[in-house]
Amino acid sequence: MSVQSSPATDKAVARALKDVAARIDSAVKRSGRTQPVRLVAVSKTKPAGAIQEAYDAGHRDFGENYVQELLDKAPLLPGDIRWHFIGHLQSNKARALLEGVPGLACVQTVDSAKLADRLNRIATDLQRQQKLGVMLQVNTSGDESKAQVAAALGVSADSLELSMGMSGDFEQAVEMGSTNVRVGSTIFGARNYSK
Ligand SMILES: *Cc1c(COP(=O)(O)O)cnc(C)c1O
């Protein structure tokens with residue numbers, strides 16, 4: 001099924017995406033790093049048509065916060081979208097999420113060993129072609145939390161990604177080492193929760 005996009009907003013979304021990408025590039029240059037930064041376009045509350053517009057402009061990484069909303073939208077959109085789950089995930093919704101969204105690339109909000117175990121078990125059961133990416137939520141107010149996570153995993157800190165930065169602060173986040181920014185309203189416009 002293909003979703004029609006309206007020409008007026010089409011240009012607005014494409015333009016905003018280009019602008020955000022250019023601002024990320026500049027921030028990467030200022031930071032002196034070479035590691036690429038992934039732009040996750042946060043499409044929560046936005047209709048499938050708006051996501052299709054961003055897709056048509058070449059974008060592939062999208063972020064959603066609510067399981068049911070993602071389950072509703074993903075089947076309406078192209079199968080090569082890389083979905084990033086960025087909301088709180090209850091363990092009892094994990095199976096529905098993985099079954100209903102084959103293009104789920106990453107759960108960015110793993111906040112318990114229980115959830116990690118469950119995701120691992122379900123991903124194995126489903127024999128996913130692509131490994132499911134995960135990010136651990138760390139409490140950044142504790143100085144050593146990052147180092148502790150890296151030591152516990154037995155991997156070097158620079159092989160890890162860091163998801164930090166939204167519309168209001170993504171450039172600073174990139175300058176501070178973020179490799180994954182989650183930008184919503186700057187791309188899709190303000191969200192309307194009244195509906
Ligand atoms: C909504 C949301 C974003 C995007 O926020 P904007 O300010 O619209 O860019 C990013 N991350 C999370 C976890 C969110 O819930």
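Residues numbered from 1 in each chain as written. Predicted model: local features only at pLDDT ≥ 70, side-chain atom pairs only at ≥ 80, totals over all residues. Heavy atoms only, no water.

The name given to the protein in an unreviewed UniProt entry is Alanine racemase N-terminal domain-containing protein, with Tetradesmus obliquus as the source organism. The record in UniProt for the protein states the following under Cofactor (unreviewed entry): "pyridoxal 5'-phosphate". If you open the UniProt record of the protein and go to Sequence similarities (unreviewed entry), you find "Belongs to the pyridoxal phosphate-binding protein YggS/PROSC family." (UniProt positions renumbered as here; feature names shortened; annotations may be inferred.)

With that settled, the discussion passes to the site of the ligand. Taken together, Val42, Lys44, Asn65, Ile86, Met166, Ser167, Arg182, Val183, Gly184, Ser185 and Arg191 are the residues near the ligand. Interatomic distance of 2.6 Å between a side-chain N/O atom of Asn65 and an oxygen atom of the ligand. In isolation the ligand exposes 390 Å². Once the protein is present, 84% of that is buried. When its residues are assigned to classes, the shell around the ligand shows four nonpolar, four polar and three charged. (Near = heavy atom within 4 Å. Polar contact = N/O pair within 3.5 Å; in protein donor to acceptor, adjacent residues only side chain to side chain. Areas by Shrake-Rupley, 256 points an atom, 1.4 Å probe, with all protein chains shown as cover. Nonpolar A, V, L, I, M, F, W, Y, C, P; charged D, E, K, R; others polar.)

The next thing to look at is helix H5 (residues 113-125). Over its 13 residues, H5 extends 18 Å from the first C-alpha to the last, a length consistent with the 18 Å expected when each residue adds 1.5 Å. The elements touched by buried residues of H5 are helix H4 (94-100), strand S4 (104-110) and strand S5 (133-136). The positive-phi residue at the C-terminal boundary of H5 is Gln127, with phi of around 50°. (Helix = DSSP H or I, 4+ residues; strand = E, 2+ residues; numbered from the N terminus. Expected span 1.5 Å × (residues − 1). Contact = heavy atoms within 4.5 Å.)

Right, let's talk about the pairing of S5 for a bit. One face of the sheet, then the other: side chains in a regular strand alternate in exactly this way. The sheet contact formed by S4 and S5 spans three bridges and is parallel. In the strand pairing of S5, Cys106 is matched with Gly133. Between the parallel pair S4 and S5, the chain is carried across by H5, and the sense of this crossover is right-handed. (Pairing = 2+ DSSP bridges. Right-handed = clockwise from strand over helix to strand, strands pointing away.)

This next bit is on the pattern of salt bridges. On inspection of all chains with the given rule, the structure shows ten salt bridges. Put simply, Glu64 and Lys73 hold a salt bridge, and the shortest N to O gap is 2.8 Å. An identical accessibility class is assigned to Glu64 and Lys73; each is buried. In this structure, Arg95 engages Glu99 in a salt bridge whose closest nitrogen and oxygen atoms are separated by 3.6 Å. Here Arg95 and its partner Glu99 are both found in helix H4, four residues apart, which amounts to about one turn of the helix. The partly exposed category is assigned to Arg95, whose relative accessible area is 35%. The class of Glu99 is partly exposed, set by a relative accessible area of 48%. Through salt bridges with shared partners, a single ionic network connects Asp19, Arg23 and Glu171. (Salt bridge = Lys/Arg side-chain N within 4 Å of Asp/Glu carboxyl O. Buried < 20%, exposed > 50% of the residue type's maximum accessible area, 1.4 Å probe, protein only.)

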